[in-house]
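Structural overview for review
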Amino acid sequence: MAKIIYTHTDEAPLLATYSFLPILRAFTSPAGVEVETKDISLAGRILAAFRDRLPADQQTEDALAQLGALAKTPEANILKLPNISASVPQLKAAVAELQGLGYAIPDYPDEPEDDEQRAVRAVYDRIKGSAVNPVLREGNSDRRVPAAVKNYARRHPHSVAEWSHDSKTRVGTLDDHDFRHNEKSVVMDHDDTLQFRLVGDDGTTTVLKPELPVLAGEIIDGTFMSARALDAFLADQVEQARRDGVILSVHLKATMMKVSDPVLFGHAVRVYFHELFDRYGDQLEAAGLSANNGLGSIIAGIDTLPEDLREGVREAIQHGYEQGPRLSAVNSDKGISNLHVPSDVIIDASMPALIRNGGRLWDMTGAEGDTLAVIPDSSYAGVYAATIEDAKANGKFDPTTVGTVPNVGLMAKKAEEYGSHDKTFIIDRPGTVQVVDQTGNVLLEHQVEAGDIWRACQTKDEAVRDWVKLAVTRSRLSDTPVVFWLDDERAHDRAVAEKVRAYLPEHDTDGLDIRILSPIEATKHTLRRFRAGQDTISATGNVLRDFLTDLFPILEVGTSAKTLSIVPLLAGGGLFETGSGGSAPKHVQQFLAEDHLRWDSLGEYLAIAESLRFHARATGDDRVRVIGDALDQATERYLDEDRSPSRKAGEIDDRGSHYWVARYWAEALAAQTEDAELAARFAPVAKALADGEQTITDELLAVQGSPVDLGGYYRPDDAKATAAMRPSATFNAIIDGIAD
Ligand SMILES: NC(=O)C1=CN([C@@H]2O[C@H](COP(=O)(O)OP(=O)(O)OC[C@H]3O[C@@H](n4cnc5c(N)ncnc54)[C@H](OP(=O)(O)O)[C@@H]3O)[C@@H](O)[C@H]2O)C=CC1
Ligand SMILES: O=C(O)CCC(=O)C(=O)O
Ligand SMILES: [Mg+2]
């Protein structure tokens, strides 16, 4: 029997789940749809990974592995809510919470000392960072803002700050010696097994990766970031920010790029706080306090240092702030800077937010100002630079007039950089990294120095071919031009462009406007059209998929939570992601403090409707399609009648918006004429929900204003979270009555 998998994740989407999942189950129960949950939360993944060490009553299944296998079958119908991609500080906090709950799992070993600790560390390394999405994404990505959402934004535009022509905000990026400039690529002409090795200048050879199976037609890239060039660049950026009096900010993707980007982040921490590291670097390292985990973890570890060092370390940090340029803050009231936690500032969300805010950020004193946004690698930095230049020249992007930029992203089979975790190495001595085939031929090689970050990426031919097809299909279906964003100065992009040219003739492209432009030219072209109210599909690689599906939705509709995000799986199944944004930790903080959840589940509503239609197609059960279509009507009404959560306590929140969606959904089902039985079943539900409006709204609002206890952050107590998220007895009785 086909079923729908609803993922149990973390933070705000998890809270929303406690309220919305019972509604989904109730509304689909008359059609006998089975909605099963699978726990892929950070806490759930940790417990699954260490289940062999736990007593039988604490053992859980490895839900992620099961879903990964399911995604490779035509039966897959998975609703994927955003989950935490954990940085080391988040991972440690989750471990501590679970230990406190009585789970005997090991500590995260910062500096593994023996085989046992190395094995534990390897397990945690698999859990950290972006460890879920790459496993489930066995297909390419189709993300867009649906017309109803776009129309709503045009009528209710979000606030957008003005850009000044003389804004000093700009992007700083390397002009050589980075991943973009060092890239070399090869397209395999046969299946093979590759090996990566470092041939040291001292004559020793280390195997970095013993075996990497590759397929004919696959693109393999190798590249590296020079640590020396990076440090010189960062020192120069710090100097420029100080000279110009602008706020220094650093934008990376330490979650998705979990091996390389924490290291890049560590370089930024060390360069900004150079005095601290010049003086105490060795002692900090000896105490296991790494800049890669951010200033926050160093401050938290000061008490573990020898007593005679502590004051000096504190002073050096203070001195760093005083000597350095203004530093961007994550939360100036709490003294949390951009350099505190590697995962606090994530480029896909942080750059659009600053563009929406007129190019301004806040410094550690809480003062607003222009920023030098440092994005070390130049592969994609130009996209943001070009957008900022456009905003300076032409002013803010007006949500009431701009067009839309849907994305078709090359994502399948861990494509490109986002699949490079297990192929990224921090070089420990000077030498040459070689990629060799089974016969010993050197396919790629780079001269490297100690500290350089070397990595390889894979892109399967099958994935590219499917991506081209998806782009042409979307263009045809929506009658919208497509631009393939490919950089002819990059070896990898040239290889992809060649495949695009080869695969386009497999489709009927007659009358379609399809072009290939470099990312900077594509940005300029797309923005020109965007400002003129015209739509343009961006067909991009995996990183730009991620970046653009936050950038454009945030400019167009205020948040990427409102996008429809579909992954047609290569094996025929469907993965329906809810929005393109994250898990919004600050929404949980607000909920804990004042029992108001400003998370908007719109992404869930859109994804669920698609998932139901997919289920109907797979099973031939038309009732499920009717239920899905009714949800889409409910969502449109929810937007039309402005039932979205407010940001302020005491006003409608996500729970209140769930009431309205449920009511409109019931009304749509009662009103439709395709299925009389469903109409009859939902008519009394619609009436009860309408009659109960005042009581339910009062009950939902009455709880707001005081702190909430969920019994855990990473692993909330189910009973407590359910009680907190379902506070209206009247509403619950109606919902729970549907399935009876
Ligand atoms: N698919 C996935 O699994 C993804 C997971 N993540 C994870 O999410 C966490 C946070 O990442 P971050 O980069 O801060 O990105 P977020 O998207 O969580 O946050 C950016 C901001 O967008 C707004 N926002 C996002 N979603 C919603 C929503 N549903 N309703 C209303 N507003 C929303 C909020 O802004 P405001 O309230 O100020 O308007 C939020 O603070 C990280 O752990 C990250 O790894 C990130 C991206 C995707
Ligand atoms: O997996 C992650 O860490 C985030 C994914 C993401 O940001 C995206 O796909 O848009
Ligand atoms: Mg993203």
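Cut-offs used in this document
Residues numbered from 1 in each chain as written. Chains lettered and ligands numbered in written order. Predicted model: local features only at pLDDT ≥ 70, side-chain atom pairs only at ≥ 80, totals over all residues. Heavy atoms only, no water. UniProt positions renumbered as here; feature names shortened; annotations may be inferred. Near = heavy atom within 4 Å. Polar contact = N/O pair within 3.5 Å; in protein donor to acceptor, adjacent residues only side chain to side chain. Areas by Shrake-Rupley, 256 points an atom, 1.4 Å probe, with all protein chains shown as cover. Helix = DSSP H or I, 4+ residues; strand = E, 2+ residues; numbered from the N terminus. Contact = heavy atoms within 4.5 Å. Buried < 20%, exposed > 50% of the residue type's maximum accessible area, 1.4 Å probe, protein only. Pairing = 2+ DSSP bridges. Salt bridge = Lys/Arg side-chain N within 4 Å of Asp/Glu carboxyl O. Domains from an automatic or database assignment. Buried area = accessible area lost by both parts, 1.4 Å probe. Nonpolar A, V, L, I, M, F, W, Y, C, P; charged D, E, K, R; others polar. 1 Å grid on protein atoms, 1.4 Å probe; cavity = no way out; pocket = protein on both sides within 12 Å on 5 of 7 lines; lining within 4 Å. Points joined across faces, edges and corners; volume = space filled by probe spheres on them. Core = buried A, V, L, I, M, F, W, Y, C linked by side-chain atoms within 4.5 Å. Donors = N, O, S within 2.8 Å, 3.2 Å for Na, K, Ca; no water.

Going by an unreviewed UniProt entry, the chain carries the name Isocitrate dehydrogenase [NADP] and comes from Pseudoclavibacter caeni. Here the chain is described in UniProt, under the heading Catalytic activity (unreviewed entry), as follows: "D-threo-isocitrate + NADP(+) = 2-oxoglutarate + CO2 + NADPH". Annotation of the chain in UniProt includes, under Sequence similarities (unreviewed entry), the sentence "Belongs to the monomeric-type IDH family."

1. Thoughts on the site of ligand 2
What surrounds ligand 2 is the set S85, S130, N133, R137, R143, K253, T255, M256, D348, R545, D546 and S580. N133 is positioned with one of its side-chain polar atoms (N or O) 2.6 Å from an oxygen atom of ligand 2. In the environment of ligand 2, an oxygen atom lies 3.0 Å from a nitrogen or oxygen atom belonging to the side chain of D348. When the free accessible area of ligand 2 is taken as 290 Å², the share hidden by the protein chains comes to 88%.

2. Some thoughts on the UniProt feature "binding site: substrate" (unreviewed entry) in the chain
Mapped onto the present numbering, the UniProt feature "binding site: substrate" (unreviewed entry) falls at S130, A131, V132, N133, P134, V135, L136 and R137. Inspection of the secondary structure assignment puts S130 in the loop between helix 5 (115–127) and helix 6 (133–136). Among all residues touching S130, those that are not within four sequence positions of it are S85, T255, M256, K258 and H421. Here A131 lies in the loop between helix 5 and helix 6. Residue class for A131 comes out buried when judged on its relative accessible area of 10%. Sequence-distant contacts of A131, that is, excluding residues within four places in its chain, are made with R45, L64, R126 and K258.

3. Let's talk about the UniProt feature "binding site: Mg(2+)" (unreviewed entry) in the chain
With numbering aligned to this structure, UniProt lists the feature "binding site: Mg(2+)" (unreviewed entry) at D348, D546 and D550. Taken along the chain, the residues just named run across 203 residues; in space they keep tight, none of their C-alpha pairs more than 6.8 Å apart. Checked against the element boundaries, D348 lands in helix 14 (residues 347–356). Apart from residues no more than four positions distant in its own chain, D348 is found in contact with K253, Y384, D546, F547 and D550. A distance of 2.8 Å separates a polar atom in the side chain of D348 from a polar atom in the side chain of K253.

4. Considering the pairing of strand 10 (residues 247–250)
As a general feature of sheets, a regular strand has side chains that alternate between the two faces. In strand 10, alternate side chains face the same way, and those of I247 and S249 on one face and L248 and V250 on the other are all buried. Sheet topology note: the strand 10/strand 14 (residues 368–374) ladder contains four bridges and is parallel. Along strand 14, the bridge assignment pairs I247 with T371.

5. Comments concerning the pattern of salt bridges
Tallied over the entire structure, the rule returns 63 salt bridges. Close ionic contact of D244 with R243 constitutes a salt bridge, the shortest N to O distance being 2.9 Å. Residue classification places R243 among the exposed positions, given a relative accessible area of 58%. The partner of E641 in a salt bridge is R643, and the shortest N-O contact between them spans 3.9 Å. In this structure R643 comes out as partly exposed when scored by relative accessible area, which is 23%. The structure contains a network of salt bridges with shared partners spanning E610, R613, D622, R625, D629, D632 and E674.

6. Quick notes on the domain arrangement of the chain
Segmentation of the chain into domains returns domain 1 (3–139 + 147–158 + 559–738) and domain 2 (227–392). Domain 1 and domain 2 are separated by 33 Å when their C-alpha centres are compared. Facing 16 residues of domain 1, the contacting portion of domain 2 comprises 11 residues. Counting the surface lost from both domain 1 and domain 2, the interface buries some 1,000 Å², and carbon and sulfur atoms represent 55% of this. Between domain 1 and domain 2 we count zero salt bridges in total. If you look at where domain 1 meets domain 2, you find six residue pairs in polar contact (both at pLDDT 80 or more). Listing elements by their share of the side of domain 1 that touches domain 2, those giving two or more residues are helix 4 (88–100) and helix 5. Residues of the side of domain 1 that touches domain 2, tallied by class, amount to three nonpolar, seven polar and six charged.

7. Overview of empty space enclosed by the protein
Overall, the coordinates contain eight cavities of 30 Å³ or more when judged by the stated rule. Looking at the largest cavity, its volume works out to about 250 Å³. Among the secondary structure elements, those contributing two or more residues to the lining of the largest cavity are helix 10 (260–272), helix 15 (378–394) and helix 19 (542–557). When grouped by side-chain class, the residues that make up the lining of the largest cavity number 13 nonpolar, two polar and five charged.

8. Regarding the nonpolar core
Of all hydrophobic cores here, the largest spans 58 residues; its most connected members are Y6, F20, L24, F27, W665, L669 and L689. With sequence-adjacent residues up to four places away left out, F20 is seen in contact with Y6, Y605, I608, H658, V661 and W665.

9. Focus on the site of ligand 1
G582, S583, A584, H587 and R598 are the nearest of the 22 residues found near ligand 1. N83 places a main-chain nitrogen or oxygen 3.0 Å from an oxygen atom of ligand 1. Take G582: an N or O atom from its main chain is 2.6 Å from an oxygen atom of ligand 1. Per-element accounting of the shell around ligand 1 gives the leading share, three residues, to helix 20 (residues 585–594). Within the shell around ligand 1, the residues separate by chemical class into eight nonpolar, nine polar and five charged. Taken domain by domain, the shell around ligand 1 gets at least three of its residues from each of domain 1 (3–139 + 147–158 + 559–738) and domain 2 (227–392).

10. Side note on the coordination of the magnesium ion (ligand 3)
Only D348 (OD) and D546 (OD) from the protein coordinate the magnesium ion (ligand 3), and they sit 1.9 to 2.1 Å from it. Of this pair, D348 sits in helix 14 while D546 sits in helix 19, placing them 198 residues apart in sequence. Like D546, D348 is buried.

11. Digging into the pairing of strand 8 (residues 205–214)
One ladder, built from seven bridges, connects strand 7 (residues 192–200) with strand 8; its direction is antiparallel. Across the sheet, residue V199 finds its bridge partner in strand 8, namely T205. In textbook terms, the turn of a hairpin is the stretch between consecutive antiparallel strands, and for strand 7 and strand 8 this stretch comprises four residues, one of which, G203, has a positive phi near 90 degrees.

12. Details of the side chain of R144
If you trace the backbone, R144 turns up in strand 4 (residues 141–144). Of note is the side chain of R144, whose polar atom sits 3.1 Å from the side chain of D142. Leave out the neighbours within four places in its chain, and R144 touches P406, R474, T563, L564 and I566.

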